[in-house]
Amino acid sequence: MNRYLILEDGTTLEGTPYGADVEAYGEIVFTTSMTGYIESLTDPSYRGQMIVFASPTIANYPISNSRMESERVQASAIITRDAHSRLFSGKPGEDFDIFLKDNGIPGIDGIDTRMLVRKIREFGTMKAWIADSPSFPEDWPDPMGRNLVDEVSCKDPYSISGNESRKLLFVDVGAKKSLIEKVNGIGTLKIVPYDFDFTSIDEDYDAVFVSNGPGDPAHESLRGVVEFIRESATKKPVFGVCLGHQLISLAFGARTTKMRFGHRGSNHAVTDGTRIWITSHNHGYTVDEESLKDTGLEARQWDVNDRGVEMVEHSNLPVFSVQYHREASPGPQDSEWFFEKMSETMDGYNAKKQ
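First, a word on scope: everything that follows refers to the structure included in this document.

Scoring rules and cut-offs
- Residues numbered from 1 in each chain as written.
- Predicted model: local features only at pLDDT ≥ 70, side-chain atom pairs only at ≥ 80, totals over all residues.
- Heavy atoms only, no water.
- Helix = DSSP H or I, 4+ residues; strand = E, 2+ residues; numbered from the N terminus.
- Rg over C-alpha atoms; globule rule 2.2 N^0.38 Å.
- Buried < 20%, exposed > 50% of the residue type's maximum accessible area, 1.4 Å probe, protein only.
- Contact = heavy atoms within 4.5 Å.
- Areas by Shrake-Rupley, 256 points an atom, 1.4 Å probe, with all protein chains shown as cover.
- Lys, Arg positive; Asp, Glu negative; His and termini not counted.
- Charge placed at Lys NZ, Arg CZ, Asp CG, Glu CD.
- Polar contact = N/O pair within 3.5 Å; in protein donor to acceptor, adjacent residues only side chain to side chain.
- Salt bridge = Lys/Arg side-chain N within 4 Å of Asp/Glu carboxyl O.
- Pairing = 2+ DSSP bridges.
- Axes fitted to C-alpha atoms, helices over the stretch in contact; angles between N-to-C directions.
- Patch = residues over 30% accessible without salt bridge, like charges linked within 9 Å, V, L, I, M, F, W, Y side chains within 5 Å.
- Arc of directions from axis to C-beta.
- Right-handed = clockwise from strand over helix to strand, strands pointing away.
- Core = buried A, V, L, I, M, F, W, Y, C linked by side-chain atoms within 4.5 Å.

## Thoughts on the overall build of the protein
Phase 1: The number of helices and strands found in the protein is eight helices and 19 strands.
Phase 2: On C-alpha atoms alone, the protein measures out to a radius of gyration of 20 Å, which is about the 20 Å that the 2.2 N^0.38 rule sets for 354 residues.
Phase 3: If one aligns the C-alpha atoms of the protein with their principal axes, the spans along those axes are about 70 × 40 × 40 Å.
Phase 4: Expressed as a percentage of the 354 residues in the protein, the buried residues total 61%.
Phase 5: For the protein, the share of sequence-separated contacts (at least 6 apart) that also reach a separation of at least 24 residues comes to 73%.
Phase 6: In the form shown here, the protein has an accessible surface area of approximately 14,600 Å², with 47% of it arising from carbon and sulfur atoms.
Phase 7: The averaged location of the 54 negative side-chain charges in the protein is 3 Å from the averaged location of its 37 positive side-chain charges.

## Section: the environment of Thr11
Phase 1: Within the fold, Thr11 resides in the loop between β1 (3–7) and β2 (12–19).
Phase 2: Between the alpha carbons of Thr11 and Leu116 there is a distance of 10.0 Å; along the sequence they are 105 residues apart.
Phase 3: Ignoring sequence-local partners within four residues, the contact set of Thr11 consists of Leu5, Ile6 and Lys119.
Phase 4: Only 3.3 Å separates the side chain of Thr11 from the side chain of Lys119, close enough to count as a polar contact.

## Here we look at the side chain of Asp172
Phase 1: Structurally, Asp172 can be placed in strand β11 (residues 167–172).
Phase 2: The side chain of Asp172 is buried and forms no salt bridge, while Lys155, the nearest opposite charge, is found at 9.0 Å.
Phase 3: Polar side-chain contacts of Asp172 include one of 2.9 Å to the backbone nitrogen of Cys154.
Phase 4: Contact partners of Asp172, with chain neighbours within four places excluded, come to Val152, Ser153, Cys154, Ile191, Val192, Pro193, Tyr194 and Ser211.

## Some remarks on the pattern of salt bridges
Phase 1: In this structure the tally under the stated criterion is 19 salt bridges.
Phase 2: A salt bridge links Glu151 to Arg47; the shortest N-O distance between them is 2.8 Å. Here Glu151, found in helix α4 (residues 148–152), pairs with Arg47, found in the loop between α1 (37–41) and β4 (49–53); they are 104 residues apart in sequence, far enough to count as distant.
Phase 3: Where salt bridges share partners, they join Glu298, Arg300, Glu313 and Lys341 into one cluster.

## Quick notes on the sheet that holds strand β13 (residues 207–210)
Phase 1: Pairing within the open sheet is mixed, and its 10 strands lie in the order β10-β12-β11-β13-β14-β19-β18-β17-β15-β16. Strand pairing shows two members of the sheet lacking a second neighbour, β10 (158–160) and β16 (276–287), which therefore form its edges. With direction set aside, neighbouring strand axes in the sheet form an average angle of 20°.
Phase 2: Direction of pairing for strand β14 (residues 238–241) relative to strand β19 (residues 319–322): parallel, over a ladder of four bridges. Looking at β19, one finds that Val241 is bridged to Val322.
Phase 3: The strands touched by helix α8 (residues 337–353) are β11, β13, β14, β16, β17 (297–303), β18 (309–314) and β19; relative to β19, the strand with the most contacts, the crossing angle is about 165°.

## What about a nonpolar patch on the surface?
Phase 1: Together, Ile276, Ile278 and Val304 make up an exposed nonpolar region whose accessible area comes to about 240 Å².
Phase 2: With relative accessibility at 55%, the residue Ile276 sits in the exposed group.

## So, helix α3 (residues 113–123)
Phase 1: Among the residues of α3, those classed as buried are Thr113, Leu116, Val117, Lys119 and Ile120. Buried residues of α3, seen end-on, are gathered within an arc of 160° and therefore sit on one face of the element. Counted as exposed and oriented over 90 degrees from the buried face of α3: Arg114 and Glu122.

## Topic: the pairing of β14
Phase 1: Across the two faces of β14 the burial is the same, with Val238 and Gly240 and Phe239 and Val241 all buried.
Phase 2: Looking at chain direction, β13 and β14 are connected through three bridges and run parallel. Bridged to Val210 within β14 is Gly240.
Phase 3: This β-α-β element, β13 to helix α6 (residues 223–232) to β14, shows right-handed connectivity.

## Focus: the pairing of strand β3 (residues 24–31)
Phase 1: Within β3, eight of the eight residues are buried, which leaves the element mostly enclosed by the surrounding structure.
Phase 2: As paired elements, β3 and strand β9 (residues 126–131) share five bridges and run antiparallel to each other. Within the sheet, the bridge partner assigned to Glu27 lies in β9 and is Lys127.
Phase 3: The sheet contact formed by β3 and β4 spans five bridges and is parallel.

## Digging into the nonpolar core
Phase 1: Counting 33 residues, the largest nonpolar core has Val171, Val173, Val210, Leu222, Val225, Ile229 and Leu247 as its most contacted members.
Phase 2: If you tally residues by element for this core, the top one is helix α7 (residues 243–251), at five residues.
Phase 3: The contacts of Val173, once residues within four sequence positions are left out, are Val149, Val152, Tyr194, Val210, Ser211, Asn212, Gly213, Pro214, Leu222, Val225, Leu243 and Leu247.
Phase 4: Grouped together as the second largest cluster of nonpolar side chains are 25 residues, Phe170, Val270, Met311 and Met342 included.

Rendered as structure tokens:
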């Protein structure tokens, strides 16, 4: 039996099925990461999206559950050129096929992913179906119109102990496991969902951290988080990564816009004009640099290729954030300075309180 990838522009591609025997729908995007396929598939920032792996060979090393960034696969489907689950290459491929089946996620193999990546780059991100029939579907809703954060944020608050001298309120808008672990290395965390009643907070925290996550930062479901950031920023340090970076920018009056095809992969070059860091990215929206004027936020880093805003910092307040996934996983560890800067900022804030 064959499986079909159908794009909203009418393109239909035929491939070999693997993974779950179900149809899937989502926004089709590509990642340039050559390793870390498990980390990518389980990254909550991919919620509502089908992943095209630009690197042709996928699942050619064993699955390790310890590398999962959440409890399940978050991508709605996977599109590959050469998945080892189809090459009968032994346990790694067999495990991958079972892994996708267990998660209810379909894959389609044998696709000319090089051509598909070029198409996405030329025409932009598109909506797509994976189906067992080449018939053109009638229903094409906007996957980004869903409340995707609600699907991946924690449901109830919880705490993780750490350095008691630093206490952070961690707002989970779709956090990766490795990001939580990295921030926990700085201090004690109280992790709350995106729709938490922030007026009920009765503990004194030294800083607020806003995580990565999926979807449109301007979605109406995130207005409460934006308002909380706006109120908190005048009282204590506020930090953010990826979606958190965008929400912080919105809180100060900046705008975000949807990118043509986004940044996804572990080899994106970022510069501050003097140095260059290789970073891990997964986002389809960006902060409009022009809109930062008169917000108090200033762009500190940019993407080398398209000059997208990669870091903002407030000129007077202890507020800063980065667009890239500082914790990597997968990806390089070039920018350890981010967590060091967080620690130094919190220590300075605590010293002033005493």
